[in-house]
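What follows is the residue order along each chain.
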Amino acid sequence: MNPLEILIHEMITENGPLSLETYMALALTHPVHGYYVSKMPLGRSGDFITAPEISQMFGELIGLWCAAVWRSMGKPQPLLFVELGPGRGTLMADALRAARVAPDFLSAIDIHLVETSEILQQCQRMALKDLGQSVSWHASTEEMPDGPAIIVANEFFDCLPIRQFARSTTGWHERLIGLNGEGRLCFGLAPGPEPRLTAPGEPGQVFEAGVVAAQLMSRLAERICLQGGALLLVDYGYDVPQRGATLQAVRSHRFADPLGDPGEADLTAHVDFCALARAARAAGAIVHGPVPQGEWLTRLGLYERAAKLREKASGSQNAAIDSALQRLAGEWRGSPTDAMGRLFKVVAVTEPRLSALSGFETAAVPC
Ligand code: SAH
């Protein structure tokens, strides 16, 4: 057993089973043993690869999009240019490099990065050190100063802890984590049903509630409505309400057991875009999208950018550009590092007066 598993054992022995929300929070962000505190999650030698790590085009297009949104906000100065969970800082570095075509945007922004991991903060410092911008770090969004803000979050909401409920003949029971006969972590059900959950369901069905994510969305949408700005959220998830467990653990680019070796694997769940859209609208914000990532990037000029890069590319660089296009905008084929064009979705949440945003022109019926 690893040190975090021993600690979780002690907690269960003393106080009874843990909710999945508590377990995920411990496994991901425990101040010493949490996955995002103690590991280097990203990259080929890490556990997974994200869109900005696949190609510079991703961050570049987002940087240009943010500069355009800032213009439609009336060019407020200063603007907080915020990223939630910036990973290795690659997206922000690419965004700032591309935004050199908009020097007025670059001189208006103060960069704020929300990051729990000191290892990743260090990477972000390195990635941004030559770009000539002031950067501040915060452990949570609560610490950000006031002011108009454009906030970017790529693969951030999927790592916020969720709760799961399973249907039995007596109602919806929360799935909890306890110990089995051999003393190993295992899933079980709370003995009593959740009285507030009255939706019908078939025995055995599971549904997930991203309470932490919805609360964060409410706070950010409220802030954006009061102080101005936009939140751009890119993540994998579903845009029609659905049942079923999507919790997954990924380690060394493969799926793993979510309860095996806590703190050693990335734990995520699909984002419920409908729930987030509801929370944002309830706070008075406008929700643009969701639009599939491949479609959104294509509307922003992904293929034109690729053509531009090809002008100076060697043979192997050309192959890398082709592969990046396929992975960023191609179809999802079912492995954690495979194409993300359809499963990944893009949503923007804005103050009410930002009614038209590029990339969202013909969004499907909003959820
Ligand atoms: N956006 C990056 C990294 C995605 S991984 C990319 O696309 O490459 C998730 C990121 O969120 C990591 O940087 C991780 O350290 C950070 N993170 C996870 N949970 C967090 C939390 N509760 N608060 C702040 N940062 C968190």
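That block above? That's the structure.
Rules used throughout
Residues numbered from 1 in each chain as written. Predicted model: local features only at pLDDT ≥ 70, side-chain atom pairs only at ≥ 80, totals over all residues. Heavy atoms only, no water. Helix = DSSP H or I, 4+ residues; strand = E, 2+ residues; numbered from the N terminus. Rg over C-alpha atoms; globule rule 2.2 N^0.38 Å. Contact = heavy atoms within 4.5 Å. Areas by Shrake-Rupley, 256 points an atom, 1.4 Å probe, with all protein chains shown as cover. Buried < 20%, exposed > 50% of the residue type's maximum accessible area, 1.4 Å probe, protein only. Pairing = 2+ DSSP bridges. Salt bridge = Lys/Arg side-chain N within 4 Å of Asp/Glu carboxyl O. Near = heavy atom within 4 Å. Polar contact = N/O pair within 3.5 Å; in protein donor to acceptor, adjacent residues only side chain to side chain. Nonpolar A, V, L, I, M, F, W, Y, C, P; charged D, E, K, R; others polar. Right-handed = clockwise from strand over helix to strand, strands pointing away. Axes fitted to C-alpha atoms, helices over the stretch in contact; angles between N-to-C directions. Phe/Tyr/Trp six-rings, centres within 6.5 Å; stacked < 30°, edge-to-face > 60°. Lys NZ or Arg CZ within 6 Å of the ring centre and 35° of its normal.

Help me understand the overall build of the chain, please; the structure alone is not making it clear to me.
Along the backbone of the chain there are 13 helices and 16 strands. Here the chain has a C-alpha radius of gyration of 21 Å; the compact-globule value for 367 residues is 21 Å, and the two agree. The C-alpha extent of the chain, read off along each of the three principal axes, is 60 × 45 × 40 Å. For the chain, contacts bridging at least 24 residues in sequence account for 75% of all contacts bridging at least 6. When the accessible surface of the chain is summed, it comes to about 15,800 Å², and 54% of that surface belongs to carbon and sulfur atoms.

Hey, could you run me through the pairing of strand β7 (residues 171-179) in this one?
Sheet faces and side chains relate simply in a regular strand, where the side chains alternate between the two faces. Taking burial as the measure, the 9 residues of β7 include 8 buried ones, the bulk of the element. Pairing analysis gives 2 bridges linking strand β1 (residues 18-19) to β7, with the strands arranged antiparallel. Opposite S19, over in β7, you have L176 as the bridge partner. With 4 bridges connecting them, strand β6 (residues 163-168) and β7 associate as antiparallel partners. The partner of S168 across the bridge, within β7, is G171.

Which parts of the structure should I look at to understand the pattern of salt bridges?
One side chain can pair with another of opposite charge once the charged atoms of both are near each other. Taken as a whole and assessed by the stated rule, the structure comprises 17 salt bridges. The partner of R305 in a salt bridge is E60, with the nearest N and O atoms 2.6 Å apart. With R305 in helix α12 (residues 302-311) and E60 in helix α5 (residues 56-72), this pair connects stretches of sequence that are 245 residues apart. A relative accessible area of 26% places R305 in the partly exposed class. By relative accessible area, which is 4% here, E60 ends up buried. When the shortest N-O distance is used, the salt bridge between K308 and E311 registers 3.7 Å. Within this pair, K308 and its partner E311 are both found in helix α12, separated by 3 residues, close to a single helical turn. A cluster of three or more residues bridged by salt bridges with shared partners is formed by K39, R251, D261 and E264.

Explanation requested: the site of the ligand in the structure shown.
Near the ligand lie 18 residues; those nearest to it are T50, G85, G87, E115 and N154. Within the backbone of G85, an N or O atom sits 2.7 Å from a nitrogen atom of the ligand. At 3.1 Å, a backbone N or O of G87 approaches an oxygen atom of the ligand. Notes on the ligand: free accessible area 570 Å², of which the protein chains cover 93%. Grouping the amino acids of the shell around the ligand by side-chain chemistry returns 9 nonpolar, 6 polar and 3 charged.

Help me out: how do you make sense of the pairing of strand β4 (residues 135-138) in this one?
The pairing of strand β3 (residues 109-114) with β4 spans 4 bridges and is parallel. Considered in β4, the bridge of V114 is made with H138. Following the backbone out of β3, through helix α8 (residues 118-128) and into the adjacent parallel β4, one traces a crossover that is right-handed.

I tried to follow the sheet that holds strand β11 (residues 248-251) on my own but got confused; where do I start?
Paired through their backbone hydrogen bonds, the strands of a sheet run either parallel or antiparallel. Pairing is antiparallel in the open sheet, where 3 strands are placed in the order β12-β11-β13. Strand pairing shows two members of the sheet lacking a second neighbour, β12 (254-256) and β13 (266-268), which therefore form its edges. When strand polarity is set aside, the average angle formed by the axes of neighbouring strands in this sheet is 40 degrees. Note that β11 and β13 share 3 bridges and pair antiparallel. When the sheet's bridge partners are listed, A249 is paired in β13 with L267.

Can you help me understand the packing of aromatic side chains in this one?
Centre-to-centre distance and the angle between the planes together describe a pair of aromatic rings. Per the counting criterion, the structure on display carries 10 aromatic pairs. With a centroid separation of 5.1 Å and an interplanar angle of 75 degrees, the aromatic rings of Y35 and Y36 are classed as edge-to-face. Of the two residues, Y35 and Y36, both sit in the buried class. Consider the rings of F165 and F207, whose centres lie 5.6 Å apart with planes at 25 degrees: the pair is stacked. You can see F165 sitting in strand β6 and its partner F207 sitting in strand β9 (residues 206-209), a full 42 residues away along the chain. For F165, a relative accessible area of 4% puts it in the buried group. By way of ring pairs, the aromatic residues W65, W296 and F360 are connected into one cluster. The lysine or arginine in question, R125, covers the ring of W137, its NZ or CZ lying 4.4 Å from the ring centre.

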